[in-house]
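Listed below are the residues making up each chain.
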Amino acid sequence: MDSTSERPSAGTWALVALIAVESVANLNLAVANIAVPDIGGAFDASQTALNLVSVGFSLGLAATVLYLGAIGDRYGRKQLLQLGMALTVPTALLATWAPNVTVLIIARVLGGVAAGMAYPTTLALITALYEGERRTRAIALWSAVGGSMIVVATLSAGWLLDRFWWGSVFAISAPLALVALALATWSVPAHVGETTEPVDHLGGVLSMIGVLGLVLAINLAPSPGEGTLVLVSGAVAVVALVVFFLHQARTASPLFDLRYARRRTFWVAATAGLIVFGTLMGGFYVGTQYVQLVLGYSTLKAGTVGIPAAVVMIVVAPLSAKVIVRFGSRTALLGGYALLLLSFLSMLLLWSAQASFGVVCLAFALMGAGVGLAGTPASHSLTGSVPVTKVGMASGTADLQRDLGGSIMQSVLGAILTAGYAADVAQRIQGTPAASNQQVTTVLERSFASAANFAKTSDPSQAKAIVAGARASFLHGADWAFGAGVIAICCGAVLVTLAFPGKAREHALLAGFATEDAAATANAA
């Protein structure tokens, strides 16, 4: 069907408002990372529970982003954006004063659902409001600011934790959401490029069940005694996702239109972007814990290590737009992957118990450069591969790159970190009196925070040894996680090299898609 309105002229304030909305969502994605050690100490939480606190927001966002993006396409993107920003306030306040870790996890997931109402509309509206190189520059700015907000989140959270309690890191989203809501209400057009096609509600429910089950299974996999729940969650995820894709191939108005998803410039870019943004979220998650637990940084100093990543990302992202115009998206993607590989190799090979501040910042700066270079083509290729009435699907997929990529990679790296930590602890206490006491073994293997709390109640002569052993075990688990990141990045680079078209072929494909889509729209009319 035809869109319900023509493309209006869009000014700077509309872009500012959309980036402000995106910034609130990205702030919430990462703000918990640096507070994880404090939360673990406050609730004596397991590493698995801490993983879920950190990943909960991106889980709620990833599970709903396709469905809510389609609802925005049909019933009004601006209205859904406004509702999402309004609901961000109570979910942030619930997280701020959560009485236990379970309520905190629930609040984080609900906050992600609220962001799912607002976040997918930002890129959809940018695509609908702007054209040509102006759209490319707008997407580059959207990508750069969104990625750098992860660093802003860690820095602001570190400053707050240095002065207040752990809940303060979640409170900052509330006033920012109100500002973004006011800007969007004032400057964003009410209706643009929307569709009259019905929403695929069954597909939306199946996608939510599939994503929730998958991420839950990954997070619980390394937890002792959770084998049955892992198998059930994994089985539910597989069944739901298989039925989802079968349904998408048969329904007249699919939530995720496989006609467009099969296009090389779409599915390769989607997969490549998932790895790019996933390694960013996963690297920051493990890295911010490493600098606090292994290197002993304060929360404020831990926040500063990400500043080079933010600065470099903002500088490189506009250059990425120029690289796309001159050399094509594949060159920009591969350049970003090369920088990400150097970043994770630096973490794996150079981060030790005595790593200098400069070495830590180098790895984060390389990560920022990689995401800044690869993030723009990953998002730009998606929106360029579909007609304007389907930009909600493209925008939702671009959001999934960050949210599902962040959920999966953060969950995978967190699970590997947990498994590596527990395995090293088990090896260290083997043959000691602690090994014969199952309760003590469980406490020590649970998480660094749990071991540190146990050390406070132990004989002072043993306390230092317990903390030192837990610190070494955490570094061991972190190395496992960084190694997994290296493998994921290499796989993504191979995929882009073999499957994504070069500049000339890319332009020919996109022009052909535009002609095909215009003809289909004319025939439908």
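About the thresholds
- Residues numbered from 1 in each chain as written.
- Predicted model: local features only at pLDDT ≥ 70, side-chain atom pairs only at ≥ 80, totals over all residues.
- Heavy atoms only, no water.
- Helix = DSSP H or I, 4+ residues; strand = E, 2+ residues; numbered from the N terminus.
- Buried < 20%, exposed > 50% of the residue type's maximum accessible area, 1.4 Å probe, protein only.
- Areas by Shrake-Rupley, 256 points an atom, 1.4 Å probe, with all protein chains shown as cover.
- Contact = heavy atoms within 4.5 Å.
- Patch = residues over 30% accessible without salt bridge, like charges linked within 9 Å, V, L, I, M, F, W, Y side chains within 5 Å.
- Salt bridge = Lys/Arg side-chain N within 4 Å of Asp/Glu carboxyl O.
- Arc of directions from axis to C-beta.
- Axes fitted to C-alpha atoms, helices over the stretch in contact; angles between N-to-C directions.
- Parallel < 35°, antiparallel > 145°, perpendicular 65-115°, else oblique.
- Left-handed = near helix turned anticlockwise from the far one by under 90°.
- Nonpolar A, V, L, I, M, F, W, Y, C, P; charged D, E, K, R; others polar.
- Core = buried A, V, L, I, M, F, W, Y, C linked by side-chain atoms within 4.5 Å.
- pLDDT = per-residue confidence, 0-100.
- Polar contact = N/O pair within 3.5 Å; in protein donor to acceptor, adjacent residues only side chain to side chain.
- Phe/Tyr/Trp six-rings, centres within 6.5 Å; stacked < 30°, edge-to-face > 60°.
- Lys NZ or Arg CZ within 6 Å of the ring centre and 35° of its normal.
- Expected span 1.5 Å × (residues − 1).

When helices and strands are counted, the protein chain shows 21 helices and zero strands. Residue burial in the protein chain is summarised as follows: out of 525 residues, 60% are buried. Carbon together with sulfur atoms contributes 68% to the accessible area of the protein chain, which is approximately 19,000 Å² in total.

Right, let's talk about the environment of Gly 283 for a bit. For Gly 283, the location among the structural elements is in helix H12 (residues 264–293). Gly 283 sits in the buried class, given a relative accessible area of 0%. When the C-alpha atoms of Gly 283 and Met 367 are compared, they prove to be 8.4 Å apart, with 84 residues separating the residues in sequence. In this structure Gly 283 touches Phe 344, Phe 364, Met 367 and Leu 413, once residues within four positions along its chain are discounted.

Quick look at a nonpolar patch on the surface now. On the surface, a cluster of nonpolar side chains totalling about 570 Å² of accessible area is made up of Leu 93, Trp 97, Trp 159, Phe 164 and Trp 165. Along the chain, Trp 97 falls in the loop between helix H4 (77–96) and helix H5 (101–129).

An α-helix turns once every 3.6 residues. As a result, residues three or four positions apart point the same way. Of the positions making up helix H2 (residues 36–43), those classed as buried are Val 36, Pro 37, Ile 39 and Gly 40. Summarising the axial view, the buried residues of H2 lie within an arc of 165°, below the 170-degree limit, and thus occupy one face.

In this section: the packing of H4 against helix H8 (residues 173–187). Between H4 and H8, the least distance of the axes is 8 Å, while the angle of their chain directions is 165°. Considering the angle they form, H4 stands roughly antiparallel to H8. Judged by the sense of rotation from one axis to the other, the crossing of H4 with H8 is left-handed. Judged by residue contacts, Lys 78, Leu 81, Gln 82, Met 85, Ala 86, Thr 88, Val 89, Ala 92 and Leu 93 of H4 engage Ser 173, Ala 174, Ala 177, Leu 178, Ala 180, Leu 181, Ala 184 and Thr 185 from H8. Its residues assigned to classes, the contact of H4 with H8 shows 12 nonpolar, four polar and one charged.

Moving on, we get to the environment of Met 367. Mapped onto the elements of the fold, Met 367 is located in helix H16 (residues 357–384). Since its relative accessible area comes to 0%, Met 367 is described here as buried. Contact partners of Met 367, with chain neighbours within four places excluded, come to Thr 279, Leu 280, Gly 283, Phe 284, Leu 340, Ser 343, Phe 344 and Met 347.

Attention now goes to the nonpolar core. Judged by nonpolar contacts, the single largest core of 132 residues is most densely connected at Phe 170, Tyr 290 and Val 360. Counting residues per element, this core draws most heavily on H12, which supplies 16 residues. For Tyr 290, the residues in contact, after removing those within four places along its chain, are Leu 295, Trp 351, Ser 352, Ala 355, Val 360, Phe 474 and Leu 475. In this structure, Leu 59, Val 211, Ile 218 and Ile 408 belong to the second largest nonpolar core, which totals eight residues.

Taken over all residues, the pLDDT of the protein chain has a mean of 79, while the share at 70 or more is 82%. Between the elements of the protein chain, mean pLDDT differs from a low of 63, seen in helix H18 (residues 438–446), to a high of 93, seen in helix H15 (residues 329–350). Between residues 1–9, whose pLDDT stays under 50, and residues either more than four places distant or in other chains, the model counts 29 contacts.

Turning our attention to the side chain of Thr 91. Take Thr 91: it is sitting in helix H4. Engagement of the side chain of Thr 91 in a polar contact is seen with the backbone oxygen of Leu 87, the distance being 3.2 Å. At 2.9 Å, the side chain of Thr 91 forms a polar contact with the backbone oxygen of Thr 88. Residues within four places of Thr 91 in sequence aside, it is in contact with Ala 107, Leu 110 and Gly 111.

Taken as a whole and judged by the stated rule, the model has 11 aromatic pairs. Residues Trp 351 and Phe 482 carry aromatic rings whose centres are separated by 5.4 Å and whose planes lie at 85° to one another, so their mutual orientation is edge-to-face. Here Phe 482 lies in helix H20 (residues 460–499) and Trp 351 lies in the loop between H15 and H16, a separation of 131 residues in the sequence. The same class applies to Trp 351 and to Phe 482, which are both buried. Ring pairs connect the aromatic residues Phe 284, Tyr 290, Phe 344, Trp 351, Phe 364 and Phe 482, which therefore count as one cluster. Stacked on the ring of Tyr 297, the Lys or Arg Lys 301 has its end atom at 4.3 Å from the ring centre.

On to the packing of H15 against H16. Across the interface, H15 lies against H16 with an axial gap of 7 Å and an inter-helix angle of 155°. When the axes of H15 and H16 are compared, the pair comes out roughly antiparallel. In the packing of H15 onto H16, the handedness of the crossing is left-handed. Among the residues making up the contact of H15 with H16, the classes are represented as 18 nonpolar, seven polar and no charged.

Let us look at H12. Here H12 spans 43 Å end to end across 30 residues, near enough to the 44 Å set by a 1.5 Å rise per residue. Counting buried positions along H12 yields 26 of 30 residues, so the element is predominantly enclosed.

Looking at the element boundaries, Val 205 is found in helix H9 (residues 201–220). We classify Val 205 as partly exposed; its relative accessible area is 37%. Here the alpha-carbon distance between Val 205 and Ala 240, two residues 35 residues apart in the chain, equals 9.0 Å.

With respect to the element layout, Arg 108 can be found in helix H5. Residue classification places Arg 108 among the buried positions, given a relative accessible area of 3%. Every residue in contact with Arg 108, bar those within four places of it in the chain, is listed here: Asn 28, Leu 29, Val 31, Ala 32, Val 53, Ser 54, Gly 56, Phe 57 and Phe 170.

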